[in-house]
Amino acid sequence: MSKESNKAADKKAVQQSESRRLFVRIVGYFTPYKLHFFFAILGMLAVAACTGAAAYLVKPALDDIFIRKDETMLMLIPVAYIVIITIKGIGRYIQNYFMRYCGLMVLERLRNELYEKIICLPTRFYEENQVGMLMSRIINDVMLIRASLPSVVMIVRQVITMVTLIGVVFYQDWFLAIWAVLVLPLAALPFMYFGRKLRKLGRRNQSKVSDISVFLQEIFSGIRVVKAFATEKKEAVRFKKENDRLVKIAIKETIFSELSSPVMELVGALGIGLVIWYGGKQVIDGASTPGTFFSFVAALVMLYDPVKRLNSANMDIQRALAGAERVFEILDSKEITVEKDGTIPFDGNFEEIRFENLTFQYAGCATPALDNVDLTVKKGERVAIVGPSGAGKTTFVNLIPRFYEQSQGRILLNGVDIRDYTLASLRRNVAMVSQDSFLFNIPVSQNIAYGMEQTTDEDIHEAARAAYAHDFILQLTNGYDTVIGERGVKLSGGQKQRLTIARAILKNAPLLILDEATSALDSESEQIVQKALENLMAKRTSIVIAHRLSTILGADRILVMEKGKIVSQGSHELLLGQCSLYTRLYNMQFQTEHTTEEGSNSCKSSELEKA
């Protein structure tokens, strides 16, 4: 039993230490706003002092006005009360304004820091974490932290108010005040108990809010799949279950939050009940005046109100700490690190890229995606990569711009390890076009010129013409100024792909990577896009993950990959006779495609002959 007690004590000590660490970390974000904080403190002191003064005025109001019928005091006390309330109002406004201002500034800074950290994390991080969860961290969790220091200031204000009011009650009747204040320590017990409960529930609540964000982001992104399978009602039921769990946690929070107030009031009622009995007896016996008694009671009633407000501020702090745990988990984590940058800027003068003993293995996978790959690609060379699904083709090209970091081996660009180059200069000199053509919900011109500064409208139009996109862009509602929707939803697949090719043309990088860039296009669109790609590849070094026969035949060298290894390489004619895997792939895909194209051409010839 003693061991269990020790464990519980140790756990509590660790939690308290963690809470202090988090709180100090939060306060650090408010330090740049010391002057604002100073003015807030002045306002807070004014509010606390005026509260005590208002309670004290009850005594002269009753004794001098209503009992002694002093006309001078009849004029002074109302004026004094108005002045006190005016000063209190100004003080409260100053405190709340500067505290909210500080909170908003900290909110902005935290969101910026969190976004800057997340956006610079490796691609692996995004594969292991859901987008909705990250959105919840930036939007919801940070919002909770905003209220932390204002709540601390509120606690300080209530404490100072309590000290002022305690001073009033002791001044009025020190003996009675001792008995009235004795019950105050009892208020600390529910204060701490409810605080712990609300902290725990706050953590669960934020986690569930994150889960719902993940759910909504996934469903809305895949709405076409939902509608294609007519699962709207099924997804609505799933959402109801998630939402129900969130509501149940919120109900528990409400229970503990609302229970705390009656418990605190009960504690206050014990003290006030004792005062009424004893103080009333003093007035009846003539040992005290009605003014003194009512001033004492007024101060005592006001005294228990700050105690209740302390509880409310404590709940805000506990929620803030719960949010801070999730935010600083990303900001301060040693495991979650941004991409390592190099120090050497790459000048864009491409000579060769060499892969030495390159090995890469995804986390949780038993076998490597790439296994001891060696390859050299020279300037101006066009290299095609073919292989079955899962051979490691896309993983291989994604290592070049350092979307992933190899497990073993090196990639040398012009004889320098690519990890020594700055990420920005490396990636600016690598253009990628994949089958997943991602576009932003911004105008066409901005999509083409994305990430490129100092581009003119003529540069954008020339790139669009080279990608055979200029004509269809002009047919859009607002031409190049047309906003194309999330992920380019207002465009066809071929149109989206031509815009991404225009983006790559405008980038004018010396190294081009095509990852099955034409695989999602129909035959007519492919022919147009293929012409654009030929223009794009003409004076550039190209690494092409091949899908179509035309790309294979135009390559200087073809690599055949299987199970993360390059099993063979050479020209189309050489591989077709010597590599069984390439021959099989050719027979399965490329020859069928070639036959289909010949059939299509024959149909066109027949139609011409009939005409």
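Just above, that's the structure.
Anyway, here's the lowdown on the structure attached to this text. Note that the coordinates shown come from a computational prediction; the quantities given were computed from them, not determined experimentally.

Criteria and thresholds
- Residues numbered from 1 in each chain as written.
- Predicted model: local features only at pLDDT ≥ 70, side-chain atom pairs only at ≥ 80, totals over all residues.
- Heavy atoms only, no water.
- Helix = DSSP H or I, 4+ residues; strand = E, 2+ residues; numbered from the N terminus.
- Buried < 20%, exposed > 50% of the residue type's maximum accessible area, 1.4 Å probe, protein only.
- Contact = heavy atoms within 4.5 Å.
- Areas by Shrake-Rupley, 256 points an atom, 1.4 Å probe, with all protein chains shown as cover.
- Salt bridge = Lys/Arg side-chain N within 4 Å of Asp/Glu carboxyl O.
- Patch = residues over 30% accessible without salt bridge, like charges linked within 9 Å, V, L, I, M, F, W, Y side chains within 5 Å.
- Lys, Arg positive; Asp, Glu negative; His and termini not counted.
- Charge placed at Lys NZ, Arg CZ, Asp CG, Glu CD.
- Pairing = 2+ DSSP bridges.
- Phe/Tyr/Trp six-rings, centres within 6.5 Å; stacked < 30°, edge-to-face > 60°.
- Core = buried A, V, L, I, M, F, W, Y, C linked by side-chain atoms within 4.5 Å.
- Axes fitted to C-alpha atoms, helices over the stretch in contact; angles between N-to-C directions.

Considering the overall build of the protein
Thought 1: If you tally the helices and strands in the protein, you get 22 helices and ten strands.
Thought 2: Per-residue burial over the protein gives 45% buried out of 611 residues.
Thought 3: Relative to all contacts within the protein whose residues are 6 or more apart in sequence, the contacts with residues 24 or more apart total 78%.
Thought 4: Per element, the accessible surface of the protein, about 32400 Å² overall, is 58% carbon and sulfur.

Structural notes on the pattern of salt bridges
Thought 1: Within the structure shown, the criterion is met by 15 salt bridges.
Thought 2: One salt bridge in this structure joins Arg410 and Glu356, with 2.9 Å as the shortest N-O distance. Of the two residues, Arg410 is situated in strand E4 (residues 408-413) and Glu356 in strand E1 (residues 352-360); the sequence distance between them amounts to 54 residues.
Thought 3: Glu356 sits in the partly exposed class, given a relative accessible area of 21%.
Thought 4: Between Asp417 and Arg419 there is a salt bridge, with its nearest N and O atoms 3.0 Å apart.
Thought 5: The class of Asp417 is buried, set by a relative accessible area of 11%.
Thought 6: In this structure Arg419 comes out as partly exposed when scored by relative accessible area, which is 32%.

A few points about a positive patch on the surface
Thought 1: A cluster of basic residues, Lys197, Lys200, Arg204 and Lys252, forms a positive patch on the protein surface.
Thought 2: The residue Lys200 is located in helix H9 (residues 184-221) in this model.

Some words on helix H3 (residues 58-67)
Thought 1: Buried within H3 are the following residues: Pro60, Ala61, Asp63, Asp64 and Ile65.
Thought 2: Phi turns positive one or two residues past the end of H3, at Lys69, with a value near 55 degrees.

Focus: unusual backbone geometry
Thought 1: Even without a glycine there, the phi angle at Asn414 is positive, about 55 degrees.
Thought 2: Among the secondary structure elements, Asn414 is positioned in the loop between E4 and strand E5 (416-417).
Thought 3: With a phi close to 55 degrees, Tyr468 is a non-glycine residue in the positive phi region.
Thought 4: Mapped onto the elements, Tyr468 comes out in the loop between helix H16 (457-466) and helix H17 (470-474).
Thought 5: With relative accessibility at 36%, the residue Tyr468 sits in the partly exposed group.

Considerations on the sheet that holds E4
By way of backbone hydrogen bonds, the strands of a sheet pair with one another, either parallel or antiparallel.
Thought 1: Here we have four strands laid out as an open sheet, ordered E2-E1-E4-E5, and antiparallel in their pairing. Each end of this open sheet is capped by a strand with a single partner; those strands are strand E2 (370-378) and E5.
Thought 2: The pairing of E4 with E5 spans two bridges and is classified as antiparallel. Counterpart to Leu413 in the pairing with E5 is Val416.

Brief notes about the packing of aromatic side chains
Thought 1: A complete count under the given rule lists twelve aromatic pairs for this structure.
Thought 2: Feature note: the residues Phe38, Phe39, Tyr93, Tyr97, Phe98 and Tyr101 constitute an aromatic cluster, connected by ring pairs.

Structural notes on the pairing of E1
In regular strands, side chains alternate between the two faces of the sheet.
Thought 1: Note that E1 and E2 share six bridges and pair antiparallel. From the neighbouring strand, Phe360 faces E2, where its bridge partner is Leu370.
Thought 2: The sheet contact formed by E1 and E4 spans five bridges and is antiparallel. Residue pairing across strands places Thr359 opposite Gln408, the latter belonging to E4.

Some points on the pairing of strand E8 (residues 541-545)
Thought 1: In terms of burial, E8 is a largely internal element, five of the five residues being buried.
Thought 2: Because side chains alternate across E8, one face comprises the buried residues Thr541, Ile543 and Ile545, and the other comprises Ser542 and Val544, equally buried.
Thought 3: For strand E3 (residues 382-386) and E8, the ladder comprises four bridges, and the chain directions are parallel. Counterpart to Ile385 in the pairing with E8 is Ile545.

A look at the nonpolar core
One recurring pattern in soluble globular proteins is that nonpolar side chains are buried together.
Thought 1: Among the nonpolar cores identified, the biggest contains 33 residues, and Ile26, Leu110, Leu114, Ile118, Val327, Phe328 and Leu331 are the most heavily contacted of them.
Thought 2: Elements that contribute at least two residues to this core include exactly helix H1 (2-30), helix H4 (71-119), helix H6 (131-146), helix H7 (148-172) and helix H12 (290-331).
Thought 3: Contact partners of Leu110, with chain neighbours within four places excluded, come to Tyr29, Val142, Ile145, Val327, Phe328 and Leu331.
Thought 4: Listed in part, the 32 residues of the second largest apolar core include Tyr480, Ile501, Ala502 and Ala509.

Some points on the environment of Gly387
Thought 1: Relative to the helices and strands, Gly387 is located in the loop between E3 and helix H13 (393-398).
Thought 2: Taking C-alpha positions, Gly387 is 8.8 Å from Ala546, a pair spaced 159 residues apart along the chain.
Thought 3: Apart from the residues lying within four places of it in its own chain, the contact partners of Gly387 are Lys393, Met561 and Leu585.

Focus: the sheet that holds strand E9 (residues 557-562)
Thought 1: Ordered in space as E6-E7-E8-E3-E9-E10, the six strands form an open sheet in which the pairing is mixed. Looking along the sheet, the strands with just one partner apiece sit at the ends: strand E6 (430-434) and strand E10 (565-570). Geometrically, the sheet is characterised by an average inter-axis angle of 20 degrees between neighbouring strands, direction not taken into account.
Thought 2: In the sheet, E6 pairs with strand E7 (residues 511-515) via five bridges, with the strands oriented parallel. Considered in E7, the bridge of Val430 is made with Leu511.

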